[in-house]
Amino acid sequence: GLLEGLPEGQPAKLESLMVQPVPVELHIAVVAGFVSGSLTRLLVAPLDVLKVRLQLQIEPIRASHLSKYHGLYHATQKIFTEEGVRAFWKGSLSGQLMYAVFGAVQFTTYEASKKAFRKFFPIPESAELWELGTNFTSGCVAGAVATTVSYPFDVLRTRFIGQIEPKVYSNLYQGVAMMYSEKGLRTFYKGLTPSLLSITPQAGLVFGLYHTFTSIWDAVVPNESASSSLRSLACGTVAGILSKTAMLPLDLVKKRLQIQGFECARRPFGKVIYYRGVTHCLLSILLQEGALAFYKGTFPATIKAGMSVALSFLFYEHTLRILIA
């Protein structure tokens, strides 16, 4: 298993590390998660804007008179020239709220799920697999709950990022009012199905991989040789990139569905297509744009995912230390 190939004596050390309970009071997890989400969003916002813009483009991401953005560097130049540096923080308020709420709910639900598992399912002899399974399952539950609670802010964020001058939504209040006038509360949950299908297992992978990697790190790397910050950043980056890569196609479908009904703001960017649902969106992208279209914006998406996961765990763990001290 994961313990094979480690130096003599370290498998036992790793196994004990993987099953040590670290109880966190839920009210502390709420605060730490909120702080973590807020700080993470501030730092990854430019990559978020680039990712969303490339995912929403129907035309190929290459040099063509039909395509607004030819690639990551060209998109960066184009956004900066046409909209200024502030454009890289478009949708900042809705984005901040989304990340803050998501972080608070995700970490709190994760801690609550872990406590429930430890209470109702005793640790078996194969503690390594038990811990991996509980981390993955608790992560899935946390991802699903956090996504559902924070999703309206996610749709708002996507729409703010997806518009250009003249703006359709000038501020958050106007955006909420205009979206509600479309189809009521249903507008705020457009694309929820592919979002849950992608984020639920992705969150499970994030928590499962992160805690596995940190356990291996603690067993292999001497405590005095590296800081806890480096540990969080290194393990979080790898966990974020691996988990995101597996779910990119559904993430793109989610973004396309989130802007349905917002076509007036998308016309300056190029072609606009109306999708009737998840299946129609999947088939339309496959038939009209090709299979590779599901991986539009891969580079900024994976880099952003690596940074987001690394920073969220870093800020969460440091905030916990401050609050518990």
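See the structure printed just above.
Definitions and cut-offs
- Residues numbered from 1 in each chain as written.
- Predicted model: local features only at pLDDT ≥ 70, side-chain atom pairs only at ≥ 80, totals over all residues.
- Heavy atoms only, no water.
- Salt bridge = Lys/Arg side-chain N within 4 Å of Asp/Glu carboxyl O.
- Helix = DSSP H or I, 4+ residues; strand = E, 2+ residues; numbered from the N terminus.
- Buried < 20%, exposed > 50% of the residue type's maximum accessible area, 1.4 Å probe, protein only.
- Expected span 1.5 Å × (residues − 1).
- Bend = angle between axes of the 7 residues up to and from the residue.
- Disulfide = S-S within 2.5 Å.
- Contact = heavy atoms within 4.5 Å.
- Core = buried A, V, L, I, M, F, W, Y, C linked by side-chain atoms within 4.5 Å.

Caption draft 1: Here's a closer look at the pattern of salt bridges. Per the stated rule, a full pass over the model turns up 20 salt bridges. Linking Asp48 and Arg157 is a salt bridge whose minimum nitrogen-to-oxygen distance equals 2.6 Å. Here Asp48, found in helix H2 (residues 26-56), pairs with Arg157, found in helix H5 (residues 127-161); they are 109 residues apart in sequence, far enough to count as distant. For Asp48, a relative accessible area of 0% puts it in the buried group. One salt bridge connects Asp154 with Arg157, and the closest N-O pair in it is separated by 2.5 Å. Linking Asp154 with Arg157, this pair stays in helix H5, spanning 3 residues, or about one helical turn. Look at Arg157 and you get buried, because its relative accessible area is 3%. Taken together, the shared-partner salt bridges connect Arg41, Asp48, Lys51, Asp154, Arg157, Lys244, Asp251, Lys254, Lys255 and Lys304 into one network.

Caption draft 2: Expanded view of helix H8 (residues 228-258). With 31 residues, H8 extends just 38 Å between its outermost C-alpha atoms, more than 12% less than the 45 Å of an ideal straight helix rising 1.5 Å per residue. The largest bend in H8 comes to about 60°, at Leu248, with the proline Pro249 one to four residues further on.

Caption draft 3: A look at the state of the cysteines. On inspection of all chains with the given rule, the structure shows 0 disulfides. With no disulfide of its own, Cys140 lies 20 Å from the sulfur of Cys235, the closest cysteine sulfur. With a relative accessible area of 13%, Cys140 lands in the buried category. Judged by relative accessible area, which is 4%, Cys235 ranks as buried.

Caption draft 4: Molecular detail of the environment of Leu72. In this fold, Leu72 is placed in helix H3 (residues 72-83). Residues Leu72 and Arg53, spaced 19 residues apart in sequence, show a C-alpha to C-alpha distance of 9.8 Å. In this structure Leu72 touches Leu50, Leu54, Phe299 and Pro300, once residues within four positions along its chain are discounted.

Caption draft 5: Structural view of the environment of Val85. Tracing the sequence through the fold places Val85 in the loop between H3 and helix H4 (92-120). The sequence separation of Val85 and Pro46 amounts to 39 residues, and the corresponding C-alpha distance is 9.3 Å.

Caption draft 6: Molecular detail of the nonpolar core. Formed by 25 residues in total, the largest nonpolar core has its most connected members in Tyr69, Ile79, Tyr169, Met179 and Phe262. Listed by contribution, the elements that provide at least two residues to this core are H2, H3 and H5. Counting 17 residues, the second-largest nonpolar core is a separate cluster that includes Val24, Phe207, Trp217 and Leu320.

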